[in-house]
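Observations on chain architecture
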Amino acid sequence: MYQRIAHIALVVEDYDEAIEFYTEKLDFTLLEDTRIDEKKRWVMVAPPGAKECCLLLAKAANQRQKESIGNQSGGRVGFFLFTDDLWRDYNNMIDRKIDFIRPPSEFEYGTVTVFKDLYGNLWDLIEPNENNKGLIKE
């Protein structure tokens, strides 16, 4: 049997500002932007080199969905971005005015820092250490 998570929906306020943030601030690739109807688009972005899973940027369609923008995981880190060079990405993101809420720190599994996306969702940026490099597929 083979299964995989293909997409993770991220509720956003506006498609274009979300595309701009993820592609210009985080260097994600815009995989698809297809208009479904007047209000809905199918928008997928992924980090460079990602092969398995991507974000589906989903514009909030009602008040309940709007209330979850920026707080999809109840204030916890909800997204985990692995990198092969934390300091390169951290410095690029600092230059691009990404809001970091925790400085890079060393842990048993690697180096990690926490940042906010444009809506306030929390992300871990993680460079696994040598014992965990297999977590990043090349």
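Criteria and cut-off values
Residues numbered from 1 in each chain as written. Predicted model: local features only at pLDDT ≥ 70, side-chain atom pairs only at ≥ 80, totals over all residues. Heavy atoms only, no water. Pairing = 2+ DSSP bridges. Helix = DSSP H or I, 4+ residues; strand = E, 2+ residues; numbered from the N terminus. Axes fitted to C-alpha atoms, helices over the stretch in contact; angles between N-to-C directions. Contact = heavy atoms within 4.5 Å. Salt bridge = Lys/Arg side-chain N within 4 Å of Asp/Glu carboxyl O. Buried < 20%, exposed > 50% of the residue type's maximum accessible area, 1.4 Å probe, protein only. Arc of directions from axis to C-beta. Polar contact = N/O pair within 3.5 Å; in protein donor to acceptor, adjacent residues only side chain to side chain. Lys, Arg positive; Asp, Glu negative; His and termini not counted.

- If you check an unreviewed UniProt entry, the chain appears there as VOC family protein from Marivirga arenosa.

**Brief notes about the sheet that holds strand β3 (residues 41-46)**
- Sheet architecture is open: 4 strands sit in the order β1-β4-β3-β2, paired in mixed fashion. Two strands bound the open sheet, and with one partner strand each, they are β1 (7-12) and β2 (29-35). Between one strand and the next, the sheet's axes are offset by a mean angle of 25°, whatever the strand orientation.
- Inspection of the sheet shows β3 paired to strand β4 (residues 54-59) by 3 bridges, in the antiparallel sense. When the sheet's bridge partners are listed, M44 is paired in β4 with L56.
- Across the face of the sheet, helix α1 (residues 15-25) comes into contact with β1, β2, β3 and β4 while running at roughly 155° to β4.

**Description of the pattern of salt bridges**
- Overall, the coordinates contain 6 salt bridges when judged by the stated rule.
- Put simply, R96 and D27 hold a salt bridge, and the shortest N to O gap is 2.9 Å. With a gap of 69 residues between them, R96 in the loop between α3 (86-95) and β6 (99-107) and D27 in the loop between α1 and β2 connect regions that are remote in the sequence.
- On the accessibility criterion, D27 (35% relative accessible area) is partly exposed.

**Quick notes on α1**
- Of the positions making up α1, those classed as buried are Y15, A18, I19, F21 and Y22. All buried residues of α1 project into a common sector of 165° when viewed along the axis, lining one side.
- Buried residues along α1 sit against β1, β2, β3, β4, β7 (110-116) and β8 (122-128).
- Of the residues that open α1, the one with a side-chain oxygen 3.1 Å from the backbone nitrogen of D16 is D14.
- One or two residues past the end of α1 sits D27, with phi positive at roughly 65°.

**A short note on the sheet that holds β8**
- Pairing is mixed in the open sheet, where 4 strands are placed in the order β5-β8-β7-β6. The open sheet has two free edges, formed respectively by β5 (77-82) and β6, since each of these has just one partner strand. Direction aside, the axes of adjacent strands within the sheet are offset by 20° on average.
- Bridge analysis of β5 against β8 gives 5 bridges, and the strand direction is parallel. Following the sheet pairing, F79 is matched in β8 by W123.

**Let's talk about the side chain of D124**
- Mapping D124 onto the fold places it in strand β8.
- Among buried Asp, Glu, Lys and Arg side chains, D124 stands out as unpaired, with R102 the closest opposite charge at 5.0 Å.

**Regarding the environment of I19**
- Among the structural elements, I19 can be located in helix α1.
- Distance from I19 to G110, taken between C-alpha atoms, is 29 Å for residues 91 residues apart in sequence.
- Setting aside residues up to four positions removed in sequence, I19 forms contacts with E24, L30, D33, R41, V43 and L57.

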